[in-house]
Amino acid sequence: MSTVQASPGHLISSLPDPPINLPSCEIEIDGAQATAFVGEHLIDAINRNGKEVPQVCYHNRLGPIQTCDTCMVEVDGKLLRACGTKVIAGMTVATESKKAHDAQHEAFDRILGNHMLYCTVCDNNNGNCTVHNTTALLKIEHQQHPYKPKPYEVDMSNPFYRYDPDQCILCGRCVEACQNVQVNETLSIRWEDEHPRVLWDGGAQIGGSSCVSCGHCVTVCPCNALMEKSMLGKAGYFTHWPKQALNGMIDLVKDIEPEVGYGPILQLSETEAAMRKVRVKRTKTVCTYCGVGCSYDIWTKDRHILKVEPSEGAANNISTCVKGKFGWDFVNHPDRLQKPLLREGGGFREASWEEALDLVARRLGEIKAMHGPDALGFISSSKCTNEENYLMQKLARAVVGTNNVDNCSRYCQSPATQGLFRTVGYGGDSGSISDIAQASLVLIVGSNTAESHPVLATRVKRAHKLNGQRLIVVDIREHEMARRADIHFSPRPGTDLVWLSAITKYIIDHGKAKTEFIEQWVNKFDEYKKSLEPFTMEYAEQVTGISQETLIKVAAEIIAANSMCVLWAMGVTQHCGGSDTSTAISNLLLATGNYMRPGTGAYPLRGHNNVQGASDFGCMPVYFPGYEKVADEEVRKRYEQAWGVNLPTNKGLDNHEMVDAVHKGTLKGIYLFGEDMYSADSNANYVGAAFSMLDFFVVQDIFFSETCRYADVVLPASPSLEKEGTFTSTERRIQRLYQVFEPMGESKPDWEIVQEIANRLGAKWTYRHPADVMHESATLAPMFAGVTYDRLAGYKTLQWPVAIDGTDQPLLYTKGFSFPDGKANFYPMDWIPPCDAEDSEFDLHLNNGRLLEHFHEGNLTYRVAGVHEESPNRFVEVSPELAEQRGIANGQWVDITSRHGEIRTQALVTDRVSGNQLYMPLNSPEKPVNLLTGSFSDRITHTPAYKETPVKMKVLPWRGENPLPRLNFRYGKPTPQRGVEVERKWRRADYRMPGNGLVQIQTKQEGATNGQANRD
Ligand code: SF4
Ligand code: SF4
Ligand code: SF4
Ligand code: FES
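A brief report on the enclosed structure follows.

Parameters at a glance
- Residues numbered from 1 in each chain as written.
- Chains lettered and ligands numbered in written order.
- Predicted model: local features only at pLDDT ≥ 70, side-chain atom pairs only at ≥ 80, totals over all residues.
- Heavy atoms only, no water.
- Axes fitted to C-alpha atoms, helices over the stretch in contact; angles between N-to-C directions.
- Helix = DSSP H or I, 4+ residues; strand = E, 2+ residues; numbered from the N terminus.
- Parallel < 35°, antiparallel > 145°, perpendicular 65-115°, else oblique.
- Left-handed = near helix turned anticlockwise from the far one by under 90°.
- Contact = heavy atoms within 4.5 Å.
- Nonpolar A, V, L, I, M, F, W, Y, C, P; charged D, E, K, R; others polar.
- Salt bridge = Lys/Arg side-chain N within 4 Å of Asp/Glu carboxyl O.
- Buried < 20%, exposed > 50% of the residue type's maximum accessible area, 1.4 Å probe, protein only.
- Near = heavy atom within 4 Å.
- Polar contact = N/O pair within 3.5 Å; in protein donor to acceptor, adjacent residues only side chain to side chain.
- Pairing = 2+ DSSP bridges.
- Phe/Tyr/Trp six-rings, centres within 6.5 Å; stacked < 30°, edge-to-face > 60°.
- Lys NZ or Arg CZ within 6 Å of the ring centre and 35° of its normal.

Let's talk about the packing of helix α16 (residues 496-509) against helix α20 (residues 548-560)
Piece 1. The contact between α16 and α20 brings their axes to 10 Å, and the two run at 60°. Compared by their axis directions, α16 and α20 come out oblique. Judged by the sense of rotation from one axis to the other, the crossing of α16 with α20 is right-handed. Of the residues in α20, those in contact with Trp 499, Ile 503, Tyr 506 and Ile 507 of α16 are Leu 551, Ile 552, Val 554, Ala 555, Ile 558 and Ile 559.
Piece 2. For the contact of α16 with α20, the class distribution of residues is ten nonpolar, no polar and no charged.

What about the pattern of salt bridges?
Piece 1. By the definition in use, this model includes 56 salt bridges.
Piece 2. Residue Lys 307 is joined to Glu 309 by a salt bridge in which the shortest nitrogen-to-oxygen separation is 3.8 Å.
Piece 3. For Glu 776, the salt bridge identified is with Lys 394, shortest N-O distance 3.0 Å. You can see Glu 776 sitting in helix α29 (residues 770-780) and its partner Lys 394 sitting in helix α10 (residues 386-400), a full 382 residues away along the chain.
Piece 4. Under the relative-accessibility criterion, Lys 394 is labelled buried at 7%.
Piece 5. Salt bridges linked by common partners bring Glu 185, Lys 461, Lys 465, Glu 480 and Arg 484 together as one network.

What about the site of ligand 1?
Piece 1. Ligand 1 sits among 13 residues. The nearest are His 115, Cys 119, Cys 122, Cys 129 and Asn 224.
Piece 2. Residue composition of the shell around ligand 1, by class: eight nonpolar, five polar and no charged.

Observations regarding unusual backbone geometry
Piece 1. Following Trp 800, the chain continues to Pro 801 via a peptide bond in cis, the omega torsion being 0°.
Piece 2. Relative to the assigned elements, Pro 801 resides in the loop between β32 (798-799) and β33 (824-825).
Piece 3. Of note, the phi angle at Asp 302 is positive, near 50°, even though the residue is not glycine.
Piece 4. With respect to the element layout, Asp 302 can be found in the loop between β13 (295-301) and β14 (304-309).
Piece 5. Unlike most non-glycine residues, Met 596 shows phi in positive territory, near 75°.
Piece 6. When you line up the elements, Met 596 lands in the loop between α22 (578-591) and β24 (601-604).

Points about the side chain of Glu 776
Piece 1. Given the relative accessible area of 16%, Glu 776 is considered buried.
Piece 2. Here Lys 394 takes part through its side chain, which lies 3.0 Å from a polar atom of the side chain of Glu 776.
Piece 3. Those residues in contact with Glu 776, other than ones at most four positions away along the chain, are Tyr 390, Lys 394, Trp 643 and Tyr 767.

A short note on the site of ligand 2
Piece 1. Near ligand 2, the surroundings consist of Tyr 161, Cys 178, Asn 184, Leu 187, Trp 200, Cys 211, Val 212, Ser 213, Cys 214, Gly 215, His 216 and Cys 217.
Piece 2. The residue inventory of the shell around ligand 2, partitioned by class, reads eight nonpolar, four polar and no charged.

What about the pairing of strand β29 (residues 713-716)?
Piece 1. Alternating residues of β29 divide into Val 713 and Leu 715 and Val 714 and Pro 716, and every residue in both groups is buried.
Piece 2. Direction of pairing for strand β28 (residues 696-701) relative to β29: parallel, over a ladder of four bridges. Bridge pairing links Val 698 to Val 713 in β29.

Some points on the packing of aromatic side chains
Piece 1. Evaluated as defined, the whole model comprises 35 aromatic pairs.
Piece 2. Arranged with centres 5.6 Å apart and planes meeting at 55°, the rings of Phe 525 and Phe 826 form a pair that is tilted. Of the two residues, Phe 525 is situated in helix α18 (residues 525-531) and Phe 826 in the loop between β33 and β34 (844-849); the sequence distance between them amounts to 301 residues.
Piece 3. Looking at Phe 826, the relative accessible area reads 1%, which means it is buried.
Piece 4. Over the face of the ring belonging to Tyr 795 we find Lys 284, whose NZ or CZ atom lies 5.3 Å from the ring centre.

This is how it looks when you write it as structure tokens:
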């Protein structure tokens, strides 16, 4: 997308890039020759050629909606909507003829009948209001259709945004975004009503409807009908005035309008809008929550966050989820750590930075002197930037002299990385989110994508709803994606490798493998094929509990698909066989030729915003940045030369091994930043016991987490909005974040703190900005050779590997795989049953994961008032069968006990789980679910087997309120439809197409009827 300067009267903020697959042609616009593309929307051609035509309902990310009629132009003498008309070579277009002009005015006049202009006292008067700018463009002085309020109240029931029906112009952008971009299918307009308005679940209050508060509708609303509550009374110079005073001003405007016209009134409001620009700052940032990598502008006034505005992000454009759009209260929360804390007596006391850092350096130095460098461990953060992670591993290796450095990808994604290393070479998604959107089949295994990677899920939901994409979901829970799927099945936990291998064997045995692809591109086929011998359909049915018929159906879908992407997450990786199952997925993709092409590939969905980057930039015990092995002498020499030190050669400890080493007494000190390891690691009691045994423990965070309770020193760090740097998303996309606020209190960005500690330990680092760190990293790691801050300026991004000339790779392996011979490798399969299984005492299986509205343990999201309101409690999901069997109802208190710990919580009875399955969200205001999980781990990577937790449940004799408040979206009843369904508006008896007074519905020959035919 290219940004264009918005002229005072104009209304488009960006232009679509020219379509790449359409042939160009010549057309005539207002008497001049113009270049266009055959089949594109005429409105795009008009915009690209610099003509200003009103277009209130058109949004180039939504496509033509055709509700507003303001874009009427004459095409070969006939009045048509420019958004709903497709370009034909040689067409003659008149945008300024009398007929077009009159029609545009008539249409806009009708809009003003639904919208009161009070711009100077409106929080939406920020220079980008479509309704305001169209009033100015059309030089409206007086309106023919007087404004008429609708007989509905303003709806304030959602914690984050409000709807004002009186200002709603019924453009339907919000409906289109909700139905076909977010695909939550909450919004509709009942065009047949006497006074249509936007409806939530067909007429419910917003709070308690199915609305997931993703904010798409608010983002695309062209006026103030839908607004972020954080904007209200805050954006303008006068908008905080009492309602009575505001009403007085609005009345004054109405009184003088007949005499002076709108011209001078608009001038006044434009002056006020210009004044706002001085004090409202718009800063681009990258989301701090999940790994999708949404980026957007944050609007702030002093330290107040006015709103989040997504538009240009490479991964998300107009999309966000509730956390990205509304989840930022934590940044200014009074709980923020603002001063270093030192343990003293039974508690902590505040200290100066000098005192705290001197103590840290002295104690780390003493431990190293007494026990050697390997007595220290460094745990880095998937919440922190690439540059901060780079510095953490450099501190460990170059300053302290140990490879004991790791990050929390150990808890989730290391097995997926391992599976890809074994088979295709790079430990990252093999393509981009756009590849997932264009695949003809998406297979999701062990991922609650709609809640854990919500914006990425929207691309699948949209492709499935509109473009005929097939969807297969394999998960033990019946979550949203499972409900949408063409096929959903639930194998026994920990058996995914078996059905994956059986299906691959079936495909090979039936001669449906892509033999040419295999011969040309993949090694070790025979060895692999032999290893598949035990994986017959009969065996698969017996182990997984899934019928052969279902598995054969799945195999047939895969065979029939032109292209397939497989998405997987912690339902696969957090098992003792996580690496092997990830390998089985990649084997299946290789056998079916689903690599190297657009719309294909392996997509392990990264959980945290920078879990990809934390590993990429060397926070792993065996890898330097860019996954070069520390054991490789040549590589080590390169780093030794650059850093001027001798580097350790032995393999370091991962964070799982570090905990064991503390228990053994060999690891004496840990420096950890940006990770609530007590809550995040499995078997919290064991981890907490280890922390208590440490000689010295430094924790650096933005809040006093559970882990901080064990620290000797707590250092106050800054969240993403208070620093600069880069994050790398799940699609290997490196993106810059810019500083929005000064660090709160005495907190500091993590990179500054690490540098200060390094220098106190004798290093002479002189980084002045994270750009210096990235520069150093790019000179050393070939994977990042061409990464520079200039190439990442603003919304520009790079997907690694990046060549020295800046060429990146949105789709990997287009020329070969990342092995010396350019060929991938099949990896033989062997299934080992789960490490921990149910028995007569621990008779239930506990699963755990995220909730959409919370992030992990909830350290950030419990400090977001609206999230807390919608989802204040932790609970355990119990199936209706089990509930009936044990006499459990919603709100029942239960004790859940595993071999490792116990948690008291309330039950929520839901058919998302079945039989003896329980599900507990990770978020908890009290005790982490990891008090229950054990220390079993993936055999290769030591990722804890969180998903293999047998438990027992004791039903307690008291029952409380339902733990899920009525406000929560899970109670809602969506109203799916194909979009705005504008034809129903056109069929109204009182509808006339502007300009000719006729009842006229554009036909498909003239253009798409309602945008459906034009969707990408
Ligand atoms: S929404 Fe726009 S047009 Fe309407 S009052 Fe506000 S600034 Fe003016
Ligand atoms: S889910 Fe809610 S916030 Fe998201 S687009 Fe639909 S109505 Fe709007
Ligand atoms: S609320 Fe929806 S229909 Fe109403 S003006 Fe906003 S985007 Fe248009
Ligand atoms: S822009 Fe609304 S009908 Fe074309």
